[in-house]
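Here is how the chains run, residue by residue.
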Amino acid sequence: MAAHLWSITRRPYCGNMGLLAINQIWTTLRPPKIKNLPAHSIDSGNMQAQKGLTTQEAREMLRQFGPNVPPAAKSRRWLLFLHKFWSPIPWLLEIIIILEIALHNVAEAWIVGILLVFNASLSFFQEQKAKKALELLRKQLDVQARVLRDRKWQLIPSRELVPDDLIRIQMGDLLPADVQLIEGSLIVDQSMLTGESMPVACNAGMVAYAGSIVAKGGAFCTVIATGSKTYYGKTAEILKTAQAPAHLETMIFQIVKYLVYFDCALIAIVFLYSLYNGFSLVELVPFSLLLLVASVPVALPATFSLATALGALELVKTGVLVTRLSAIEEAASMNILFVDKTGTITQNTMVVSGVYPQGRYSKDEVLFFAAMASEEATQDPIDLAILNASNKISLQAQKLEFIPFDPDKKYCEALISYAGQQLHIFKGSPIILANGETVPDVPGARFIAVSIEGHFIGFIALSDPPREDAAKLIQQMKELGIQQKMITGDNAITARAVGEKVGIQPADIFANVFPEDKFKIITKFQKEGWICGMTGDGVNDAPALQKAEVGIAVSNAMDIAKAAASLILTKPGLGNILDAIKTSRQIYQRMLTYVLNKIIKTLQIAVLLGVGLILEKQFVISQLLIVLLYFANDFVTMTIATDHVSYSNKPDRWEIKKLTAIALVFAFFILIFSFFALFFGQKILQLSVSQIQTWVFLILVFTGQCTIYLIRERRHFWHSKPSLWMVGSSVLDIFVVVVLAAQGVLMTKVDALLIFGLMAATMIYFVCLDFLKKIFH
């Protein structure tokens, strides 16, 4: 499917246009069309004819086109916080609060309200990233520009640039706008914009893009696009709309929906039966509300937040910073990872990958003479690669003169003294220097030619090599059930060559893509049901990083990429991605235990209280004891977030229907015990009505604690140790409940011997149920 997704993609390019194909992905290389911009009168042969704009003209253009900055996202923090209360789960909790207040149950309303605010606050303070990303974009463009205004050269803030301004660019500058060269030439590094690792030459008449870095040269240019109209500024526009789908909230709402449907059906039956048997509405409405409250997993969002926050702390120790908590949960379900090539799979550093001498010259000699025609001071990636490769060669020469690379001539040259004679060394384009010799067929390599006194002596191949851990990581990803797709702004031939080295097939490669194309590709896969991850390091990756459920910025990423990502690697390499996936899958297992336990408890409570009312013609538990169950069950079971669990070897998905079916089976057997214990307490022990309410409360607490340890382990419960926090909370919970029941605090007193007998019977029954569990699995 990947090979057919996009038929044509365009990208900025300061050079010749060409056509490349890779497994039916056809790509054209041409600059993006600039629309609705003033016409330019370019006279590359007469700079003196250029007058620039007047101050008045610039003001009018500024009013028309706006300042040269990406558009700011206007948002108020308090509105963003209030938005956390506007979604399905908060709505349910808010309705419950209103009903509790209407029934004068103030204490219950406070409990639910505190949980609601806690969930909103934790989410708000962890997930404010889009505003930060846009702010970083604006800071990138906050530079000074040399501009011709009123026929005088002056320095102005780049935010005041407008189309048709005439500016001067020189080595080391960050281009403040999209410009068209009038006179001169530039070598620009646009790797963070396009993903292309090699510097690109721009001559008169060509376009260079905002955000590119000038590695060499100087030029007079006309501004053709500013602000959000630039290639760089369009990234900010995409970031405003790039939001990952809220899978977690959808899943939680599905759980609540099923539980509420079940409770509403049960409440309707109980309501009709009770009215028929003479119960008053004053008694039935609070009871019905209690059943409804019991069906809503009040602590579920808080438990997810706690589990992911603890997971984030674990990941910090392994070198992964988490900026969006939901990404940890999403990483457990991630089944496809889009990997950026330049700087992520590769090192984003040019190295000499081969030397091909001609005639009597050796490899060392070709490399040595190429090094003599290189200069470390230029910081040119090609020169640095050749100098690094030649530093162990023992040949000696003296450099007399060096002329840097000229984009018009397409070579650099040096005059050296070697073996008693002076030699002119030339290094540059094979088209100019190779005297018609054919360039070796090495996919993905870039070649330069070397000649002495016009005599061609050999080729040097350069490439951006894969990281040492890239191939191993991709194989380990496959073993974890995750597909990988390479997605890059570089050309198709280079992308395919890198893919072959690290184990990514041609059909899984997207080449020559714009940032908006990466964004669209991620969106396309998301609509088809994939949970997408994306790695990247540059401006061109930022929209896709923010759109993906799991956006991963590598350690050397630009600030905007880090701001858009949900996970940031702080150590070199990609191995920490595996740590994030394994940790997220462990969190999934913990939350699976919590959710399964919650569904089982909801079914048990609803059926036991509803059917108990029908059979006994009286409430088998008080409203106060139902509230105490919040603390004895929901709050205490939040420690499941700390449990010791293993991770699965395939992506985890929340299948609520299957989960509910499993819960029904467990709930059925637990209800058998619960009704038997209720019958035993009423008929055999002859407990009073108020004591029966305490007895039912104890049944729900003891079975609730045993259920956790029954379902946390797919094997027998003794095969793995639970966390100390989890065991400690269970012991403390049971101890407090036993003391309250034995002393008659907040409930009617029940003999301690009966309490311990019930506890022992519960434990024995659940040990037997543990063997049945093996059959279910």
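Residues numbered from 1 in each chain as written. Predicted model: local features only at pLDDT ≥ 70, side-chain atom pairs only at ≥ 80, totals over all residues. Heavy atoms only, no water.

## Notes on the nonpolar core
Counting residues in each nonpolar core, the largest one holds 90 residues, and the members touching the most others are Phe 338 and Trp 654. Counting residues per element, this core draws most heavily on helix 21 (residues 576-616), at 14 residues. Ignoring anything within four residues of it in the chain, the contact list for Phe 338 reads Lys 485, Ile 487, Phe 510, Ile 521, Ile 522, Phe 525, Cys 532, Gly 533, Met 534 and Thr 535. Membership of the second largest hydrophobic core comes to 42 residues, among which are Val 270, Leu 608, Leu 687 and Phe 697. (Core = buried A, V, L, I, M, F, W, Y, C linked by side-chain atoms within 4.5 Å. Buried < 20%, exposed > 50% of the residue type's maximum accessible area, 1.4 Å probe, protein only. Helix = DSSP H or I, 4+ residues; strand = E, 2+ residues; numbered from the N terminus. Contact = heavy atoms within 4.5 Å.)

## Examining the pattern of salt bridges
What the rule picks out here adds up to 13 salt bridges. Residue Lys 524 pairs with Glu 528 through a salt bridge whose shortest N-O separation is 3.9 Å. For Glu 528, a relative accessible area of 40% gives the class partly exposed. In this structure, Arg 712 engages Asp 643 in a salt bridge whose closest nitrogen and oxygen atoms are separated by 2.7 Å. Taken together, the residues span a long stretch of sequence, with Arg 712 in the loop between helix 24 (689-711) and helix 25 (724-743) and Asp 643 in the loop between helix 22 (623-635) and helix 23 (656-684) at a distance of 69 residues. For the pair Arg 712 and Asp 643, a shared accessibility class is recorded, and that class is buried. (Salt bridge = Lys/Arg side-chain N within 4 Å of Asp/Glu carboxyl O.)

## Overview of the sheet that holds strand 13 (residues 398-406)
Read from one edge of the open sheet, six strands run 12-17-16-15-14-13, paired in antiparallel fashion. One side of each edge strand has no neighbouring strand; the edge strands of this open sheet are strand 12 (351-357) and strand 13. Each neighbouring strand pair of the sheet contributes to a mean axis angle of 20°, computed without reference to strand direction. Relative to strand 17 (residues 455-463), strand 12 runs antiparallel, the two being bridged by six bridges. Bridging from a neighbouring strand, Pro 357 pairs with Gly 458 of strand 17. With respect to the sheet, helix 13 (residues 363-372) is in contact with strand 12, strand 13, strand 14 (411-418), strand 15 (421-428), strand 16 (446-452) and strand 17, its orientation differing from that of strand 17 by roughly 85°. Lying on the sheet, helix 14 (residues 381-390) is in contact with strand 12, strand 13, strand 15, strand 16 and strand 17; it crosses strand 12 at an angle near 75°. (Pairing = 2+ DSSP bridges. Axes fitted to C-alpha atoms, helices over the stretch in contact; angles between N-to-C directions.)

## A few points about the packing of helix 16 (residues 470-479) against helix 21
Running from N to C, helix 16 and helix 21 cross one another at 15°; their axes reach a closest spacing of 10 Å. Judged by the inter-axis angle, helix 16 sits roughly parallel to helix 21. The handedness of the crossing between helix 16 and helix 21 comes out as left-handed. Of the residues in helix 21, those touching helix 16 at Leu 473, Gln 476 and Met 477 are Ile 577, Leu 578 and Ile 581. (Parallel < 35°, antiparallel > 145°, perpendicular 65-115°, else oblique. Left-handed = near helix turned anticlockwise from the far one by under 90°.)

## Focus: the sheet that holds strand 20 (residues 532-536)
With mixed pairing, seven strands are arranged side by side in an open sheet as 10-22-21-20-11-18-19. Two strands lie at the open edges of the sheet, namely strand 10 (320-322) and strand 19 (509-510), each paired on one side alone. Direction of pairing for strand 10 relative to strand 22 (residues 567-569): antiparallel, over a ladder of three bridges. Note on strand 22: the bridge partner recorded for Val 320 is Leu 569.

## Let's talk about the environment of Gly 359
If you trace the backbone, Gly 359 turns up in the loop between strand 12 and helix 13. Taking C-alpha positions, Gly 359 is 6.9 Å from Ile 457, a pair spaced 98 residues apart along the chain.

## Considering the packing of helix 13 against helix 14
Interaxial distance between helix 13 and helix 14 falls to 9 Å at its minimum, and their mutual angle equals 130°. One finds that helix 13 runs oblique with respect to helix 14. Helix-helix and strand crossings are classified by hand; for helix 13 and helix 14 the assignment is left-handed. Residues Leu 367, Ala 370 and Ala 371 of helix 13 lie in contact with helix 14, whose contacting residues are Ile 386, Leu 387, Ala 389 and Ser 390. Grouping the constituent residues of the contact of helix 13 with helix 14 by class yields six nonpolar, one polar and no charged. (Nonpolar A, V, L, I, M, F, W, Y, C, P; charged D, E, K, R; others polar.)

## As for the pairing of strand 9 (residues 213-225)
Inspection of the sheet shows strand 5 (residues 166-170) paired to strand 9 by five bridges, in the antiparallel sense. When the sheet's bridge partners are listed, Ile 167 is paired in strand 9 with Cys 221.

## Observations regarding the pairing of strand 13
One ladder, built from six bridges, connects strand 13 with strand 14; its direction is antiparallel. Residue Gln 398 lies in a different strand from strand 14, and its bridge partner there is Ser 417. Count of turn residues in the strand 13/strand 14 antiparallel hairpin: four residues, of which Lys 410 carries a positive phi of about 65°.

## Re empty space enclosed by the protein
Counted according to the given criterion, the structure contains four cavities of 30 Å³ or more. Put simply, the largest cavity is a space of about 120 Å³. The wall of the largest cavity is formed by 10 residues, among which Lys 598, Ile 605, Leu 629, Tyr 630 and Asp 634 lie closest to the centre. For the lining of the largest cavity, the secondary structure elements donating two or more residues are helix 21 and helix 22. (1 Å grid on protein atoms, 1.4 Å probe; cavity = no way out; pocket = protein on both sides within 12 Å on 5 of 7 lines; lining within 4 Å. Points joined across faces, edges and corners; volume = space filled by probe spheres on them.)

## Some details on a nonpolar patch on the surface
On the surface, Phe 676, Phe 679, Phe 680 and Ile 684 cluster together to form a nonpolar patch covering roughly 420 Å² of accessible area. Structurally, Phe 679 is set in helix 23. Since its relative accessible area comes to 45%, Phe 679 is described here as partly exposed. (Patch = residues over 30% accessible without salt bridge, like charges linked within 9 Å, V, L, I, M, F, W, Y side chains within 5 Å. Areas by Shrake-Rupley, 256 points an atom, 1.4 Å probe, with all protein chains shown as cover.)

## Digging into the packing of aromatic side chains
Under the criterion given, the structure shown has 19 aromatic pairs. Look at Phe 668 and Phe 669: their rings are 5.4 Å apart centre to centre, the planes differ by 80°, and that puts the pair in the edge-to-face class. In this structure an aromatic cluster arises from ring pairing among Phe 338, Phe 510, Phe 525 and Trp 530. Just above the ring of Tyr 361 sits the side chain of Arg 360; from NZ or CZ to the centre is 4.6 Å. (Phe/Tyr/Trp six-rings, centres within 6.5 Å; stacked < 30°, edge-to-face > 60°. Lys NZ or Arg CZ within 6 Å of the ring centre and 35° of its normal.)

## Some details on the environment of Gly 66
By the element assignment, Gly 66 lies in the loop between helix 1 (55-65) and helix 2 (77-83). Residue classification places Gly 66 among the buried residues on the basis of a relative accessible area of 18%. C-alpha separation for the pair Gly 66 and Leu 161, spaced 95 residues apart in sequence, amounts to 9.3 Å. The contacts of Gly 66, once residues within four sequence positions are left out, are Met 61 and Thr 226.

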